[in-house]
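# Architecture and fold: a report
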Amino acid sequence: MRFGDYIRLSFDQLRRRKVVTILCALGISIGCAAIVVAMSIGESAAKYSEMQMSRWFKLDEITVSPQSTGQSGDPSAKSEIDEGSLLTSQKLELIRTFPHVQAAAPMQEIGGFQTKLTNGTTSYVQVIATDLNSLQAFGHQMRLGAVSDLPQTVIANFGATFGYVDDKARQALYDKLRLNPYDDEVYKQLENLDRLPANLYQQSIQFVQYDQQSGREYLSPPLRVAGVMKKPDSQTDNMAMNQKIMYVSLETAEWLRKQPGFRPIESDSSANMVSTTVEHYPLVTVKVDSQDNVKQVESKIKQLRLNAMHNLEQKERLKEEFAMMRTIALGIGLFILFIASISIVVAMTMSTYQRRRQIGIMKVLGANLRQIRNMFIIEATLIGLLGGIMGVIFSHWIIWGINGLVLSSGAEASEVLFIAPWIIPLGMFFAIITGILAGLYPAINASRTDALTAIRRD
Amino acid sequence: MLRIEQLSHSFRNGDEITPVLQHIDFQVAKGSMVALLGSSGSGKSTLLNLMAGLMKPTEGNIYINEHNIVKMNENQLAEFRRAHIGFIFQAYELIPNLTVIENVELPFVFQGVSPRKRREKAQHLLEQVGLPDKGKMFVSQLSGGQQQRVSIARSLITEPSVIFADEPTGNLDTKTEDEVISILKQLNKKMNTTFVIVTHEREVAEHTERVLTLKDGRLIEDAVTTSAQAAGSGIGGVHT
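Every chain begins its residue count from 1, and numbering advances along the sequence as written. Lettering of chains starts at A and numbering of ligands starts at 1, both following the order in which they are written. Given that the model is predicted, a residue must reach a pLDDT of at least 70 before its local features are reported, and side-chain atom pairs must reach 80 or more before they are shown or counted; all residues, however, enter totals for whole chains, interfaces and linings. Note: side-chain values were computed over all heavy atoms of the structure, leaving out hydrogens and water.

Under an unreviewed UniProt entry, the name given to chain B is ABC transporter ATP-binding protein, and the organism recorded is Paenibacillus agilis.

Worth spelling out the cut-off: UniProt positions are given in the numbering used here, feature names are shortened, and annotations may be inferred rather than shown by experiment.
As named in an unreviewed UniProt entry, chain A is ABC transporter permease, taken from Paenibacillus agilis. Entered under Sequence similarities (unreviewed entry) in the UniProt record, the comment concerning chain A runs "Belongs to the ABC-4 integral membrane protein family." As its UniProt record puts it under Subcellular location (unreviewed entry), chain A is described as follows: "Cell membrane".

## Regarding the packing of helix α3 (residues 100–111) of chain B against helix α5 (residues 144–156) of chain B
All names here are of chain B. Quick note on the threshold: Angles here are taken between N-to-C directions and fall from 0 to 180 degrees, while the axes themselves are lines fitted to C-alpha atoms, restricted in helices to the stretch in contact. Secondary structure elements follow DSSP: runs of H or I no shorter than four residues count as helices, runs of E no shorter than two count as strands, and numbering proceeds from the N terminus. Each angle receives one of four descriptions, namely roughly parallel if under 35 degrees, roughly antiparallel if over 145, roughly perpendicular if within 65 to 115, and oblique otherwise. Each crossing gets its handedness from the near helix: less than a right angle anticlockwise from the far helix is left-handed, clockwise is right-handed. Only heavy atoms enter the contact rule, under which two residues are in contact if any of them lie within 4.5 Å.
Contact geometry of α3 with α5 gives a least axis separation of 7 Å together with a crossing angle of 30 degrees. Here α3 is positioned roughly parallel relative to α5, judged by the angle of their axes. Where α3 crosses over α5, the handedness of that crossing is right-handed. The residues of α5 that touch α3, namely those facing Val 100, Asn 103, Val 104 and Pro 107, are Val 150, Ala 153 and Arg 154.

## Describing the sheet that holds strand β4 (residues 59–64) of chain B
Sheet strands line up and pair through hydrogen bonds in the backbone, either parallel or antiparallel. Residue and element names in this part refer to chain B. What counts here: Paired strands, in this sense, are two strands between which DSSP finds at least two bridges.
Strand order in this open sheet of 4 strands is β2-β1-β4-β5, and the pairing throughout is antiparallel. Edge strands, defined here as strands with exactly one partner in the open sheet, are β2 (16–28) and β5 (67–68). Against the sheet, helix α1 (residues 44–51) engages β1 (2–13), β2 and β4, with an angle of about 115 degrees to β1.

## A word on the interface of chain A and chain B
We apply this condition: A 1.4 Å probe defines the accessible area here, and the buried area is the portion of it lost by two parts on being joined, summed over both. Salt bridges, as used here, are contacts in which a Lys or Arg side-chain nitrogen is within 4 Å of a carboxyl oxygen on Asp or Glu. Gly is put with the polar residues, along with every residue not named as nonpolar or charged; the nonpolar set is Ala, Val, Leu, Ile, Met, Phe, Trp, Tyr, Cys and Pro, and the charged set is Asp, Glu, Lys and Arg.
Between chain A and chain B, the residue contacts involve 25 residues of the former and 28 residues of the latter. Taken together, both faces of the contact between chain A and chain B bury some 2400 Å²; the carbon and sulfur share is 59%. Sorting the residues of chain A by area buried against chain B places Val364(A), Leu365(A) and Leu452(A) first, and these three jointly supply 25% of that buried surface. For the interface between chain A and chain B, the tally reads 4 salt bridges. Looking at side-chain class alone, the side of chain A that touches chain B contains 12 nonpolar, 5 polar and 8 charged residues.

## Observations regarding the environment of Ala205(B)
Residue and element names in this part refer to chain B. Formally: Buried, partly exposed and exposed residues are distinguished by accessible area as a fraction of the type maximum, computed with a 1.4 Å probe on protein chains only: under 20%, between the cut-offs, and over 50%, respectively.
Position of Ala 205 among the secondary structure elements: in helix α7 (residues 202–205). A residue is classified by how much of its surface remains accessible, and Ala 205, at 0% relative accessible area, is buried. Through-space distance from the C-alpha of Ala 205 to that of Met 33 is 9.7 Å; in sequence the pair is 172 residues apart. Excluding anything up to four places from it in sequence, Ala 205 contacts Ala 35, Leu 37, Thr 199, Val 211 and Thr 225.

## Some details on the nonpolar core
Convention followed: Throughout this description, the term nonpolar core refers to a set of buried Ala, Val, Leu, Ile, Met, Phe, Trp, Tyr and Cys residues connected via side-chain atoms within 4.5 Å.
Ranked by size, the top nonpolar core spans 84 residues in total, and within it Leu2(B), Phe26(B), Met51(B), Ile62(B), Ile64(B) and Phe164(B) carry the most contacts. No other element matches helix α12 (residues 369–408) of chain A, which puts 11 residues into this core. The residues contacting Phe164(B), other than those within four sequence positions of it, are Leu2(B), Leu48(B), Met51(B), Ala52(B), Ile64(B), Ile85(B), Gly86(B), Phe87(B), Ile88(B) and Val196(B). Core analysis: the next-biggest nonpolar cluster, separate from the first, contains 44 residues, Ile62(A), Ala253(A), Leu256(A) and Leu304(A) among them.

## Notes on the UniProt feature "coiled-coil region" (unreviewed entry) in chain A
Feature annotation in UniProt places "coiled-coil region" (unreviewed entry) on residues 287–321 of chain A, given in this structure's numbering. This span, residues 287–321 of chain A, is 54% helix and 20% strand, and a straight line between its end C-alpha atoms measures 27 Å.

## What to know about the packing of helix α10 (residues 312–354) of chain A against helix α13 (residues 423–447) of chain A
How two helices sit against one another is set out by the angle between their axes and by the gap between those axes. Residue and element names in this part refer to chain A. Between α10 and α13, the shortest axis-to-axis distance is 8 Å and the interhelical angle comes to 30 degrees. It follows that α10 is roughly parallel to α13 by the angle criterion. Along this stretch, α10 crosses α13, giving a crossing that reads as right-handed. Contacts from Leu 330, Leu 334, Leu 337, Ser 341, Ile 344, Val 345, Met 348, Thr 349, Thr 352 and Tyr 353 of α10 reach α13 at Leu 426, Phe 430, Ala 431, Thr 434, Gly 435, Ala 438, Tyr 441, Pro 442, Asn 445 and Ala 446.

## Quick word on α3(B)
Residue pairs three or four apart in sequence face the same way in an α-helix, which turns once every 3.6 residues. By the criterion of burial, α3(B) is predominantly enclosed, with 11 of the 12 residues buried. Taken together, the buried positions of α3(B) are Val100(B), Ile101(B), Glu102(B), Asn103(B), Val104(B), Glu105(B), Leu106(B), Pro107(B), Phe108(B), Val109(B) and Phe110(B). Contact partners of the buried residues in α3(B): α1 (3–16), α11 (356–364) and α12 of chain A together with α2 (74–84), α4 (115–128) and α5 of chain B.

## As for a nonpolar patch on the surface
Residues and elements named next belong to chain A. As a reminder, the rule being used: In this analysis, a patch consists of residues with relative accessible area above 30% that form no salt bridge, clustered at 9 Å for like charges and at 5 Å for the nonpolar side chains Val, Leu, Ile, Met, Phe, Trp and Tyr. Accessible surface is estimated by sampling points in the Shrake-Rupley manner with a 1.4 Å probe; for residues, cover comes only from the protein chains shown.
Together, Phe 335, Phe 338, Ile 339, Ile 342, Val 346 and Met 350 make up an exposed nonpolar region whose accessible area comes to about 610 Å². Take Ile 342: it is sitting in helix α10. Overall, the relative accessible area of 41% leaves Ile 342 in the partly exposed class.

## Describing the environment of Ala380(A)
All names here are of chain A. One can find Ala 380 in helix α12. Residues Ala 380 and Gly 435 lie 55 residues apart in sequence; the distance between their C-alpha atoms is 4.9 Å. Excluding anything up to four places from it in sequence, Ala 380 contacts Met 348, Gly 435 and Gly 439.

## Focus on the sheet that holds strand β8 (residues 194–199) of chain B
Residues and elements named next belong to chain B. An order of β6-β7-β8-β3-β9-β10 is seen for the 6 strands of this open sheet, with the pairing classed as mixed. The open sheet has two free edges, formed respectively by β6 (85–88) and β10 (218–224), since each of these has just one partner strand. Averaged over all neighbouring strand pairs, the angle between strand axes comes to 20 degrees, with direction disregarded. One ladder, built from 5 bridges, connects strand β7 (residues 162–166) with β8; its direction is parallel. Along β8, the bridge assignment pairs Phe 164 with Val 196. With respect to the sheet, α2 is in contact with β6 and β7, its orientation differing from that of β6 by roughly 75 degrees.

Given below as C-alpha cells:
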C-alpha cells in the first residue's frame, strides 16, 4: 500500500469525524503550546540572564594573580613571597604569546574619586591603571582622541562623560529629598542631572581625595583627557552611563600616588602594583579570542604557577539552573500531553468499534494486519500533527499576549519573550509522538478485528 | 480451480458441538458459474466463508488454484484473498466516505498499484457494469442496484480466480435482480472468471450453470441447470 493512500484514507476518516478530530487535536495543542511557552519562557530568561552577564561580566577575560600574593588581605603574606609564583613581567610577556590570547595587561583599580572640571562641576569615577596601549585590544574603541604616551593624561569611557553637575545644585536636591524622601520629582531631577553630557575631550580634570581623619580635601594636579571611548555595543545607554571609568597609565598612577594627600585607597595589592610596576604585578587581565578557549588559556596560565579566575563558571552555573528550569517546563508540557493522549486513545478506540464493519470489509478485500494498523497509526499521527500546528499557533498568540502586557508595563524591548526556532520542532515532535503512541493501542485493536464477525449481519 | 475435499465444520457452544457442514466434496472448473442453494441454516453461508478463508474448517481441505487455503495464516490469507478472491455482498458493503471509483479501486490500493493504473482499470470496469459516468459520485447517491454493480466492479478489479457472491440480489427488486444477474453472466463469459453464488432463491440459482444444493450441512444435490443444458454445457450428476 502506498504512503499517499495511507494519508488519503486517514485524512478522509478525520474529515468525516471533524468534531472528534478537532477535540483530540485541541487536547494535543494545549500540551504542545504548554511545552513551547514553558520552554520559551525558560529560554528567554536564560538568554536575558546571559545577556545581562555579558554586559556586566566579561566572559572572555581571565583575571590572573600570583599564587602567593597578599590577595587574602593578610599583610604577613608579603613576607612569605615565593619568587617563582610571582606574576612577573616575563610571565606577562609569555602569556601574551599563548594561542587565543588577544591581549594581556595589568589592570588595577586605583579607587573611586570625585572628578572636578575647570568649570567647577563634579562627578564620580573609578580610576583604573593599565597599559593604555592595550585598551583597544581589550575591545575598547575610541570616540574622540587617542591613547597618549604623555604622562598625566587620562582616557575616559563613555559613562565618565556624564553627570557633571554643580555641587551646590546637587546638594540642593539632596536637601529637598531629606525633607520629602518620597518626592518623585526630585528623584527625576537627580536622574536627569546624572544624564547631563559633558565635553571632556582635551579638558583638564582634577581628582579629589578626602582624608576622612582630618576631613581635609586634596586636589590632584590637573590631568588632561586625551581620549574618550565609544559606548560598548553590548551595553544599553543606562548601563553605560552608570559605568564611569577613567583609565590612567601605570606611570601616571605612580605619579598620582606621590601627590600630597593621595595614596591608593583600595587594597594592599594596589599598593604593590604601584610600587612594583617594573618587577611584578598583583593583577593582570587576559583577553581571550573566544569564550570557548577561556578554559584552555586558563590551564596554560595555571601551569605558570599563577591563579586564574574567569566568569564562565558563573555562566555555567546559570546554565545548569536554566537547564533544570527547562526540564521542569518540559515535564509540565509532557504531563499535559499525556492527559491529552488519553482523549486520543478513547476517541480512536471508539472509532475502531464504530468502524468495525468497514475494517472487516477492508480485510475481506485483502488488507492485511499491518495495513489496517498503519491506517490507524497514521490517523493518530495526523491528529498529532494537527495538534502540533495548532499548539505552535496558540503558543505564538500566548507569547504575543504576554509580551504585550510586559511592554505595556514599561519594560525594555530586550525583556520580551521569544520563541527560539529549535523549540517549534521540539513541540511538534512531542505532539506527533503523542499522537503515534496514543494511536498504537487502537491501531492494534483495529488490526485484530475479526473480518467475519465484523461483516456479519444478524 | 476450486476443489473441496471432505470439508466438515462444527460450532462448539460450551460442551455442545453442533455440526454445520459434513463431508462436503465438490470441484468447480475455471470460468464456470455455480450456485450454492439452500434454505436458511443449511450451511451455505458457512461454506462460503470457509471457501473465502474467513473461517477455518474443523476438517478437510480447500484448494483454490491448487493452494490449500486451510494451511494459511491470517496474513497469508489476506495476501491470497487480495490476489485470487473477489467478493460480492448482499448489502454491497461499499465505503460511504469514498467515491464510487475510489470504492472500485480499493482492492488495488491494498496491492499498492499506481493511482493512474488503478483509475484506468476502475473506470473500465464501471463501463462494463453500465456506470461509466458515476465514478465521482458518492455511493449514497446511487440506487441499490447501482451500488451492487459498483460492488461487482470492485470484485473484478484484481482479476481474481474466483468471485464469491453472497446473496447478491437479496436486497434488490425483481427487475434490478435480473439486471444484476445478467451483468454477472456477461462478465463470467467475457472475463472467464469463476463465480460461486450463494442464494436461497431457486430462480436466481437457475441462472447459473450448476446448482449445489445444501441441506442440514450436507450436499444433497449437484445438478446442471436447465439453462446450462440448453446451452450445452457440461457438469452433471447428483450427490446424495
